[in-house]
Amino acid sequence: MSKLNKDVIFLILKELYDKNNTLYPCLLVNRTWYETTVPILWKNPFRFQLKDKALNVITNVIFSYLSEESRDNLRNQGIELTNTYQQPLLNYISFWRYLNLDILERMIRTFLTDTNIINPKIPIIRLVIMNVFNRNTKFYFLRDDFSFSSSFLGTELCFSELGCLHCTSTQDNSILAEGLAILNTSIKKLNFDILYNNTHNFGIIKLIEGQKNLKEVKFNDRSPIIHKELIVRPLEEALIKCADTIQYLRIDWKPVTKLFSYLVNLISLEIHAFRHKNWNNLEKISLPLLKYLKAHYVPSKILANLIENTKGNLIEISIIYDRSYDEGRLIHAIYQNCPNLNYLKLSLFSENISEFENLLINCRILNGLVIIGTHENQINWKLLFEILTRSTPISLFKFKFIDSTINSYLKIDLESLSLFLDNWKDKRSMLLQFFSSGSMLNVEQKQHLLKLKDLLQKYKTKGVIKNYNTNNFGFEDFEWIQSKFYTLYDD
């Protein structure tokens, strides 16, 4: 093992990166393993949930980079560092690329509590730590939700090479973003959380307008109210100025400008627009390069028009919409214009189920299917499984069936499900999930669930089913085997 070269060791350690605590023993193998492991661990020290003791260790490591002059200045301000470490053999801070200012704030407050330093000294500690960062590293990812980010003004040099920024519409964040805009034109990913009808967006607007290669933008609505036009229009107008480079967009409201007409290179669109009305100005949307479409509560007519203008490039579609009088036009648009469709999530209604069978017949390379019910008795599940038995394409083997109605139970017709599974001969073993939103089941529902599990286990034993799940919602739209592990830095 000691003779493995660093490149091979690095590849091994990267595979272990998502597994909590598995990398730490690698530090003790030998010097080569130590030198290869340290940069991976310190790339993002806050990746996993840390206890206060671990946060204090990181704080002391940071303070080990202070000069004697800096320590003397702290003493003069009433801050005595009594438990700092000797500076490590490697410059750990130089490897740090992902910074969460909110966790950093928690780390500072934990340190002050444990050392009995009074809270008014917090701004001093903040500045000292940021100066250490400024001298030793360049961050690639910055996240700030509610910290006192305006306290970091004057230390923006360590943020001058940011590639990803996740922040909120607070006044402090806006001040920070305005400072970043002066130094940084290299941000590729922006994740912006909008809080209530907050108008403190001048900094983020300036930052967006100055970017030269902004590829991914997520505007997340964290407010229970519909945003006024004066909030969202300036954000859209800023995006228009760099629209040529944007390839991935999430937006949580109905656009108020002609933003979509400028996004000529858009590959992925995610739009959530619950409670929005009057979409007439978007009827002629054309996004010819679009491959991924995720839309919640956008009128089916608008979505049908959009899909008809995508030039056949769509490979992944996720649509939840209210019952509307589209007479199957949306499903028709999908199977007529999406020959390369691999994955589909759809809120299906019984009146459109015949058109859904046409979709199965025409989308011959469909790989995964998610059917979701959002209203009580929305779907005739018995008829659905009869259609799946007749018309499922040979490529389709991943299935997910969801009833998201409040306190619902997805009572699948076991006879039609059994027929569907019986006819799955000489096909690839399927991945199958059944989810309901209800958690408190009555006696009848519990008995049905037991029968369902017995039936699924029977066909798993036969090799018809590779894996199944009936327990929870902990899966992404197109994750069938296990839920994706989320960290603070997933975008």
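Here the structure is a predicted model, which is why all the values come from computation and not from measurement. (Residues numbered from 1 in each chain as written. Predicted model: local features only at pLDDT ≥ 70, side-chain atom pairs only at ≥ 80, totals over all residues. Heavy atoms only, no water.)

## A few points about the environment of Asn-91
Here is the rule we go by: By the criteria applied, helices consist of DSSP H or I runs no shorter than four residues and strands consist of E runs no shorter than two, each listed in order from the N terminus. Here a residue-residue contact requires only that any non-hydrogen atoms of the pair lie within 4.5 Å. Here a polar contact is recorded for every N or O atom pair within 3.5 Å, except that within protein the pair must consist of a potential hydrogen donor and a potential acceptor, and residues adjacent in sequence are included only if both atoms are side-chain atoms.
Residue position: Asn-91 is located in the loop between helix H4 (68–76) and strand E1 (98–100). Measuring from C-alpha to C-alpha, the distance between Asn-91 and Trp-42 comes to 9.8 Å, with 49 residues separating the pair along the chain. Ignoring anything within four residues of it in the chain, the contact list for Asn-91 reads Tyr-65 and Asn-136. Looking at Asn-91, its side chain comes within polar contact range of the side chain of Tyr-65, at 3.4 Å.

## Concerning the pattern of salt bridges
We apply this condition: Every case where a carboxyl oxygen of Asp or Glu lies within 4 Å of a side-chain nitrogen of Lys or Arg is listed as a salt bridge. The classification of residues rests on relative accessible area computed with a 1.4 Å probe and restricted to protein chains. Under 20% of the type maximum is buried, over 50% is exposed, and intermediate values are partly exposed.
In total, this model carries 16 salt bridges according to the counting rule given. In this structure, the salt-bridge partner of Arg-106 is Asp-52, at a minimum N-O distance of 3.1 Å. Linking Arg-106 in helix H5 (residues 101–114) with Asp-52 in helix H3 (residues 52–63), this pair joins segments that are 54 residues apart in sequence. Under the relative-accessibility criterion, Arg-106 is labelled partly exposed at 30%. Among the ionic pairs, Glu-386 bridges to Lys-382, the shortest N-O distance being 2.8 Å. Here Glu-386 pairs with Lys-382, and both are found in helix H14 (residues 381–391), just four residues apart, close to one helical turn. Connected via shared salt-bridge partners are Arg-250, Asp-252, Glu-270 and Lys-294.

## Comments concerning H14
Where we set the bar: Here the arc refers to the set of directions running from the helix axis out to each C-beta atom.
When we look at burial in H14, the residues that qualify are Trp-381, Leu-384, Phe-385, Ile-387, Leu-388 and Ser-391. Buried residues along H14 cover an arc of 160° about the axis, so they all sit on one side. For H14, the N-terminal capping position is held by Asn-380, with its side-chain oxygen 3.3 Å away from the main-chain nitrogen of Lys-382.

## A few points about the packing of aromatic side chains
The line we're drawing: Here a pair means two rings of Phe, Tyr or Trp (six-membered ring of Trp) with centres within 6.5 Å. Their orientation is stacked below 30 degrees between planes, edge-to-face above 60, and tilted elsewhere.
Under the criterion given, the structure shown has 20 aromatic pairs. Ring plane angle 85° and centroid distance 5.0 Å describe the contact between Phe-133 and Phe-139, whose orientation is recorded as edge-to-face. Phe-139 shares its class with Phe-133; the two are buried. Both rings, one in Phe-385 and one in Phe-401, keep their centres 5.0 Å apart while their planes meet at 50°; by these two values the pair is tilted.

## Quick notes on the nonpolar core
If you look at soluble globular proteins, the nonpolar side chains tend to sit buried side by side. For clarity, the threshold we go by: The set of buried Ala, Val, Leu, Ile, Met, Phe, Trp, Tyr and Cys residues whose side-chain atoms join them within 4.5 Å is what this entry labels a nonpolar core.
In this structure, Phe-133, Ile-204 and Phe-401 are the most contacted members of the largest nonpolar core, which totals 141 residues. What Ile-204 contacts, discounting residues up to four positions off in sequence, is Leu-165, Cys-167, Ser-174, Ala-177, Leu-190, Phe-192 and Leu-235. The next biggest cluster of nonpolar side chains, apart from the first, holds five residues, and it includes Ile-320, Val-370, Ile-372 and Ile-402.

## Here's the deal with the environment of Leu-142
On the secondary structure map, Leu-142 appears in strand E2 (residues 141–144). On the basis of relative accessibility, which here comes to 0%, the residue Leu-142 falls in the buried class. C-alpha of Leu-142 to C-alpha of Leu-101: the two residues are 41 residues apart in sequence and 7.5 Å apart in space. If sequence neighbours within four positions are ignored, Leu-142 has contacts with Leu-99, Leu-101, Phe-159, Leu-162, Cys-164, Leu-165, His-166, Leu-176 and Leu-180.

## Structural notes on unusual backbone geometry
The phi angle at Lys-311 is positive, at roughly 60°, despite the residue not being glycine. By the secondary structure assignment, Lys-311 is in the loop between helix H11 (300–308) and strand E9 (316–320). Not every positive phi belongs to a glycine, and Asp-426 is a case in point at roughly 60°. Residue position: Asp-426 is located in the loop between helix H15 (414–422) and strand E13 (430–436).

## Let's talk about the confidence of the model for the chain
Our working definition: pLDDT measures how confident the predictor is about each residue, on a scale from 0 to 100.
Mean pLDDT over the chain stands at 83; residues scoring 70 or higher make up 83%. Per-element mean pLDDT across the chain ranges from 64 in helix H1 (residues 6–16) up to 96 in strand E6 (residues 248–251). A low-confidence stretch, residues 482–491 stays under pLDDT 50, and its non-local contacts, those more than four residues away or across chains, total 24 contacts.

## Description of helix H9 (residues 229–240)
Residue pairs spaced three or four apart in an α-helix point in one direction, given the helix's 3.6 residues per turn. Which entries qualify depends on this criterion: By definition here, a helix of n residues has an expected span of 1.5 Å times n minus one.
With 12 residues, H9 ought to run about 16 Å at 1.5 Å a step, and its terminal C-alpha atoms sit 16 Å apart, in line with that. Those residues of H9 that fall on the buried side of the exposure criterion are Ile-231, Val-232, Leu-235, Glu-236, Ala-238 and Leu-239. Each buried residue of H9 lies within a common arc of 160° when the element is viewed along its axis, so the set occupies one face.

## Observations concerning the pairing of strand E4 (residues 189–194)
In plain terms, the rule: A pair of strands is considered paired only if DSSP assigns at least 2 bridges between the two. The definition of a right-handed crossover adopted here requires that, viewed with the strands pointing away, the path from the first strand over the helix to the second runs clockwise.
Of all six residues in E4, five are buried; the element is thus mostly enclosed. When strand E3 (residues 164–168) meets E4, the two strands line up parallel, connected through five bridges. Residue Thr-168 lies in a different strand from E4, and its bridge partner there is Asp-193. Crossover handedness for the path E3 to helix H7 (residues 171–183) to E4: right-handed. Pairing between E4 and strand E5 (residues 216–221): six bridges, direction parallel.

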